[in-house]
Amino acid sequence: MNEVRTRFAPSPTGYMHIGNLRTALYTYLIAKKQGGKFLLRIEDTDQERYVEGAVDIIYRTLKTVGLNWDEGPDIGGPVGPYIQSERMGIFKQYAVELVEKGAAYYCFCDKERLTELKAVQEASGVSPMYDRHCRNLSKEEVEAKLAEGVPYVIRQKIPLEGTTTFHDELFGDITVENSTLDDQILLKADGMPTYNFANVVDDHLMGITHVVRGNEYLASAPKYNLLYEAFGWDIPKYIHVSPIMKDKHSKLSKRNGDASFEDLVAKGYLSEAIVNYIALLGWAPKGEREIFSLEELKSEFDIEGLSKSPSIFDPLKLKAINGEYIRALTPEKFCELARPYIMQTVKRTDCDLDKIAVLLQNRTEVFTDIPEQVDFIDEMPDYDLALYENKKMKTNRETALDALERSLLVLEGITDWHFDVIHDELFKLIADMGVKNGYILWPVRVAISGKQFTPGGAFEIAEIIGKEDTLSRMKRSIEMLKTR
RNA sequence: GGCCCGUUGGUCAAGCGGCUAAGACACCGCCCUUUCACGGCGGAAACAUGAGUUCGAUUCUCGUACGGGUCACCA
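All of these numbers come straight from a predicted model, not from anything done at the bench.

Undergrad: Hey, could you run me through the protein's contact with RNA strand B in this one?
TA: The full set close to RNA strand B counts 56 residues, and Gly282, Glu290, Lys317, Asn362 and Arg363 are the nearest of them. The share of sugar and phosphate among atoms of RNA strand B within 4 Å of the protein is 70%. At a separation of 3.3 Å, a base nitrogen of RNA strand B approaches a polar side-chain atom of glutamate 304. Broken down by class, the residue content of the surface near RNA strand B amounts to 23 nonpolar, 14 polar and 19 charged.

Undergrad: For this particular structure, what's the right way to read the side chain of glutamine 156?
TA: Within the element layout of this structure, glutamine 156 appears in strand β4 (residues 153–156). Judged by relative accessible area, glutamine 156 falls into the buried class, the value being 2%. Within polar-contact distance, the side chain of glutamine 156 engages the backbone oxygen of lysine 223 at 3.2 Å. For glutamine 156, the contacting residues outside a window of four places in its chain are Ala103, Ala104, Tyr105, Asp183, Gln184, Leu186, Lys223, Leu226 and Leu227.

Undergrad: Just checking my understanding: could you explain the pattern of salt bridges for this structure?
TA: Close approach of charged atoms allows side chains with opposite charge to pair. All told, the structure shown has 30 salt bridges when counted by the stated rule. Across the pair arginine 41 and aspartate 203 runs a salt bridge whose closest N-O atoms are separated by 3.0 Å. On the criterion of sequence distance, the pair formed by arginine 41 in the loop between β2 (37–40) and α2 (54–65) and aspartate 203 in helix α6 (residues 195–205) is long-range, its members being 162 residues apart. With respect to class, arginine 41 is no different from aspartate 203; both count as buried. Residues joined by salt bridges that share partners form a network here, namely Arg7, Arg41, Glu43, Arg87, Asp202 and Asp203.

Cut-offs applied
- Residues numbered from 1 in each chain as written.
- Chains lettered and ligands numbered in written order.
- Predicted model: local features only at pLDDT ≥ 70, side-chain atom pairs only at ≥ 80, totals over all residues.
- Heavy atoms only, no water.
- Near = heavy atom within 4 Å.
- Polar contact = N/O pair within 3.5 Å; in protein donor to acceptor, adjacent residues only side chain to side chain.
- Nonpolar A, V, L, I, M, F, W, Y, C, P; charged D, E, K, R; others polar.
- Helix = DSSP H or I, 4+ residues; strand = E, 2+ residues; numbered from the N terminus.
- Buried < 20%, exposed > 50% of the residue type's maximum accessible area, 1.4 Å probe, protein only.
- Contact = heavy atoms within 4.5 Å.
- Salt bridge = Lys/Arg side-chain N within 4 Å of Asp/Glu carboxyl O.

Right, dumping it as structure tokens:
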């Protein structure tokens, strides 16, 4: 039974942000690299923060990126249930066991006393900590209160002296003075375990061998060791990963209006590209390659490459990687994915979307870039005649007028309206005139697109919008040049 | 504030006592080219800081600065 078992244990409190997803990814990869099991456990012990539908979001995003779990609430498994609230009974039993072992104790302090205590401590500049009021109640006193039905919690009995050393695979050994550790609550008055307690118990019961979690839990980790020791359990390997930041000062979070995984997908990012990018945020592969599929990451991933410092989410880099993925798509697949975006601005039905898509593939980093790129196909935008002035092409308004008038004559004579024909005829004109390609082609492209930049050049555009539109746009542009 | 953690170009980052300190994105220039993009070539750009240890520190130790985390019957 040396199988690696990891778990992703989110709380159903809403959306799934990028940081969460990355934690899930690393957790998954660590298991899969060794051919181990990846489990999903829902930590819903806080009924107040529970958000309806949050569990579905977790399922959905994990599935779309391909982080398939081997055991979980929906598919079951040998160590279920996998929803923490359904494990309630278990925790009390273990908390009581700890009391019996002298590593925990009942506490009957009510909230009023605790808030007052905290206020006093803060006022006097001491860092707030439970004053261990109930730590030394006699067995009789405890029994009596229990019999009376006084509400209670169970707290961890931290040693008064000495130090505790916790080992993290990434950060190494972390030693803290026990005197700085609070007698934290293990079992709440409502019978639910606190996060810290539930984690230790569940991870043990589920046979978890590697725990991957956010860095924010690093400070509470030493207390875990005390718990494991008291129970006499093996301590899993801990890997605390640093957060993904929005900027130098703040974490990436929904509260700041930052994108969640689903937002990014809606913004035109490919889920494979998102996964690839976040894998790279805080982790570096061995070689110089940085494009990896999930499958490739399974063998490539290594804890060694994880970074200890926080990393800033760079939308530009994500975009670039997304662009790489888009270019790697087969033309058919790209066309299929791009179609809806093209149709946002191209409503006319007389032109070939496939041909448009071909032009777009190398020019698209994010699908949402598309509509704006092809908006001229349905309708010529108003444009500035200054567009005809181009130093490199050696064109200005006068030469453009000349080029357009001559081109128009040529184009009007074409009956077989296809790229090759248009290309050959216009090149014939260029040769006859003995001018640079751009002398003719630049003005033509501007005249029929009205834009400085377009996907494709004059021939492609002319073919796509058709002969009729090409000619009428040319004529209109010629008129504009004449009248001004 | 106490405790814990971190600090290599603008960003992601390689480096694990001796290097002209990789690479990628972004940026700039050139080439290709009927625009843009793609592609190719090249450029600018970094070890927070002070003291040690050492023949030699980006790398090890300590201090300082800056940044982050944590101090809940939230996770």
